[in-house]
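Structural overview for review
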Amino acid sequence: MRTITIAAVAALLGADLLAAQPLRFEPRPVAEGRWWKGNTHAHTLESDGDSPPETVVAWYKAHGYAWLVLSDHNVFTDPVRFRTLQDSAFLLIPGEELTSAAEGKAIHVNGLNLPGLVRPESASTILETVQRNVDAVRRVEGVPHVNHPNFLWSIGPEVLARLERDKLFELYNGHPIVHNEGGGDRPSMEAVWDTLLARGKRM
Ligand SMILES: [Zn+2]
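Residues numbered from 1 in each chain as written. Predicted model: local features only at pLDDT ≥ 70, side-chain atom pairs only at ≥ 80, totals over all residues. Heavy atoms only, no water.

1. Thoughts on the coordination of the zinc ion
Protein coordination of the zinc ion is provided by E97 (OE), H108 (ND1) and H148 (NE2), with donor distances spanning 2.0 to 2.2 Å. One chain supplies every donor for the zinc ion, spaced along it as E-x10-H-x39-H. Highlighted residues: H108 in strand β6 (residues 105-112) and H148 in the loop between β7 (143-146) and α3 (157-162), separated in sequence by 40 residues. Per residue, the accessibility class of H108 equals that of H148, and both read buried. (Donors = N, O, S within 2.8 Å, 3.2 Å for Na, K, Ca; no water. Helix = DSSP H or I, 4+ residues; strand = E, 2+ residues; numbered from the N terminus. Buried < 20%, exposed > 50% of the residue type's maximum accessible area, 1.4 Å probe, protein only.)

This is the structure we're talking about:
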């Protein structure tokens, strides 16, 4: 993906998001949380984006975001590099897009709040490959996040339904070929989400 992906996600995070203590990045029950505007998925020249990370960080800060994850493909960009751009109103959450493939499809799983680089894993099937990358993120106490399931029609609802230890996926991604709206007989991501919820799968 060549352009900066602007997957604007308003995530429900803890009220201590901007506090100085180490962050346990897990969504909390609605009654306990507060909404902050952020983006879990942005690329830079560290992989296939079109701008240096400094420029991307400055853009999000200037446009009213409270937090950002630089999620380059299999590249960990340490937020410490941009210490001077962070303050009480803007936080960089360390992350990466674990980028793998299976059965000719693209398997992209974000790791949020990572301590460092996590190497992508692969297996013979799509489900097993997604699961291994989810578990690789969990092992370092990061939060996994399945990206753009409809990109190349890679990760269908049946895979998401059987996936374990993952609560997040991209409902919307700003890249032009990720098929948020579905196509042909393929459901939109919103329809997939509805199907999962109707089956009792909380994501
Ligand atoms: Zn991706």
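2. Description of the packing of aromatic side chains
Applying the stated rule across the entire model yields three aromatic pairs. Consider the rings of W59 and Y60, whose centres lie 4.9 Å apart with planes at 75°: the pair is edge-to-face. According to the relative accessible area criterion, W59 is partly exposed, its value standing at 36%. Here the aromatic rings of Y60 and Y65 are separated by 4.8 Å at their centres, their planes lie at 85°, and the arrangement is edge-to-face. Judged by its relative accessible area of 8%, Y65 is buried. Taken together, the ring pairs connect W59, Y60 and Y65 into an aromatic cluster. (Phe/Tyr/Trp six-rings, centres within 6.5 Å; stacked < 30°, edge-to-face > 60°.)

Function cannot be inferred from these measures alone, as they are strictly geometric.
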